[in-house]
Every structure is written in C-alpha cells, then in structure tokens.
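Results of the structural survey
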Amino acid sequence: MIYGTVSDIGVPTIILRIAGQEWSATIDTGFNGDLELPEVLRNVLDPQYVGRVTSSLAGGQTIEEDVYLVDFPFDSQIIQARATFVVGGDILIGTRLLQEYRLQIDFVRRTVVLEKATGLT
C-alpha cells in the first residue's frame, strides 16, 4: 500500500524513492499513460526506446513524444512502465500505471491511498 497527501492546492501526491533520492509524484487522473518523468532521471533508469506517441493535452493541444520502457521502482517492487521524459522536476503518474490499484483521494482529510487490488480476473 502507498500513502500520500493532498497539497494545499488540491494536488494528490505520493513520495517515491528512486536511486536513493525521494521524489514527489503527482497522481494525474487526466493522464491515461504510465509515467512522465523529469529528464534528470533518464540516465538513472536506463530507458529503452519503443517509439513515438501522440498525446492530447488539456485545452485540445496534441503533441508527439518519444516513449521508453523503464524498470521503475513502485510499491516496493520494480515494474516495467512506459515513460516520456520532460524538462522539469515533476513526476506524473497516469491511470495506466494504476490499472491494478484502488485509488482513494480524500480531499477533506488530505490523504491519498493506493492499494493493489486482489482477486483481479
């Protein structure tokens, strides 16, 4: 189980440990991919290029990005995920990465809980 918080401005976040450093990661329910990672993690995660993807952004914008497979530390294990890399220091976690999880965001208590679902068929 992964626990997080909701920021003062309503953003659900969790903390991830990558290469011995803690990183804040935003749960982005409007992002249907796996991960958007800061460029500084590229060399740490040894990404494998898989191709290009077209992404639709808020406001109707569309962009093309390179997508990579990475071995990513998540929920006390290493998972294989698809990631794009961007300039900046933010990690975005999309709904595709969470497809085997239950996500509970309590805005009143400012808590986030990610729990791996059991008994999936």
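Residues numbered from 1 in each chain as written. Predicted model: local features only at pLDDT ≥ 70, side-chain atom pairs only at ≥ 80, totals over all residues. Heavy atoms only, no water.

1. Side note on the pairing of strand 4 (residues 35-38)
This is how it is decided: Note on pairing: two strands pair once DSSP finds at least 2 bridges between them. Helix numbering and strand numbering both begin at the N terminus, where a helix is a DSSP run of H or I of at least 4 residues and a strand a DSSP run of E of at least 2.
Here strand 4 pairs with strand 7 (residues 77-86) via four bridges, running parallel. Bridge pairing in strand 7 places Leu 35 opposite Ala 83.

2. A look at the packing of aromatic side chains
Two measures describe an aromatic ring pair: the distance that separates the ring centres and the angle between the ring planes. What counts is decided by this rule: Two rings from Phe, Tyr or Trp (for Trp, the six-membered ring) form a pair when their centres are within 6.5 Å of each other. A pair whose planes differ by under 30 degrees is stacked, one over 60 is edge-to-face, and the rest are tilted. Relative accessible area decides the class of each residue, using a 1.4 Å probe on protein chains only: under 20% of the type maximum gives buried, over 50% gives exposed, and in between gives partly exposed.
Going through the model one piece at a time under the given rule, you end up with three aromatic pairs. Centroid distance Tyr 49 to Tyr 68: 5.6 Å. Interplanar angle 70°. Geometry classified as edge-to-face. Remark: Tyr 68 occurs in strand 6 (residues 62-74) and Tyr 49 occurs in strand 5 (residues 48-56); sequence separation between them is 19 residues. A residue is classified by how much of its surface remains accessible, and Tyr 68, at 11% relative accessible area, is buried. When the centroid spacing of 5.6 Å and the interplanar angle of 70° are considered together, the rings of Tyr 68 and Phe 85 count as edge-to-face. Here the residue Tyr 68 occupies a position in strand 6, and Phe 85 occupies one in strand 7, the gap between them amounting to 17 residues. Comparing Tyr 68 with Phe 85, the two get one shared label, buried.

3. Describing the sheet that holds strand 6
In plain terms, the rule: Between the N-to-C directions of two axes lies an angle of 0 to 180 degrees, each axis being a line fitted to C-alpha atoms and, for a helix, fitted only over the stretch in contact.
The mixed open sheet is built from 10 strands, whose spatial order is 5-6-7-4-8-3-2-1-10-9. Edge positions in the open sheet fall to strand 5 and strand 9 (101-106), since each of these has one partner strand only. Taken over all neighbouring pairs, the strand axes of this sheet differ in orientation by 35° on average, direction set aside. In this structure, strand 4 lies alongside strand 8 (residues 91-93), joined through two bridges in antiparallel fashion. Residue Glu 36 lies in a different strand from strand 8, and its bridge partner there is Leu 92.

4. Observations concerning the pattern of salt bridges
Filter applied, for reference: When a carboxyl oxygen of Asp or Glu lies within 4 Å of a side-chain nitrogen of Lys or Arg, that pair is called a salt bridge.
Within the structure shown, the criterion is met by seven salt bridges. In this structure, the salt-bridge partner of Arg 110 is Asp 8, at a minimum N-O distance of 2.4 Å. On the criterion of sequence distance, the pair formed by Arg 110 in the loop between strand 9 and strand 10 (111-116) and Asp 8 in the loop between strand 1 (2-6) and strand 2 (12-18) is long-range, its members being 102 residues apart. The class of Asp 8 is exposed, set by a relative accessible area of 68%. Close ionic contact of Glu 100 with Lys 116 constitutes a salt bridge, the shortest N to O distance being 3.4 Å. Here the residue Glu 100 occupies a position in the loop between strand 8 and strand 9, and Lys 116 occupies one in strand 10, the gap between them amounting to 16 residues. With relative accessibility at 35%, the residue Lys 116 sits in the partly exposed group.

No statement about biological role is implied by the geometric values presented.
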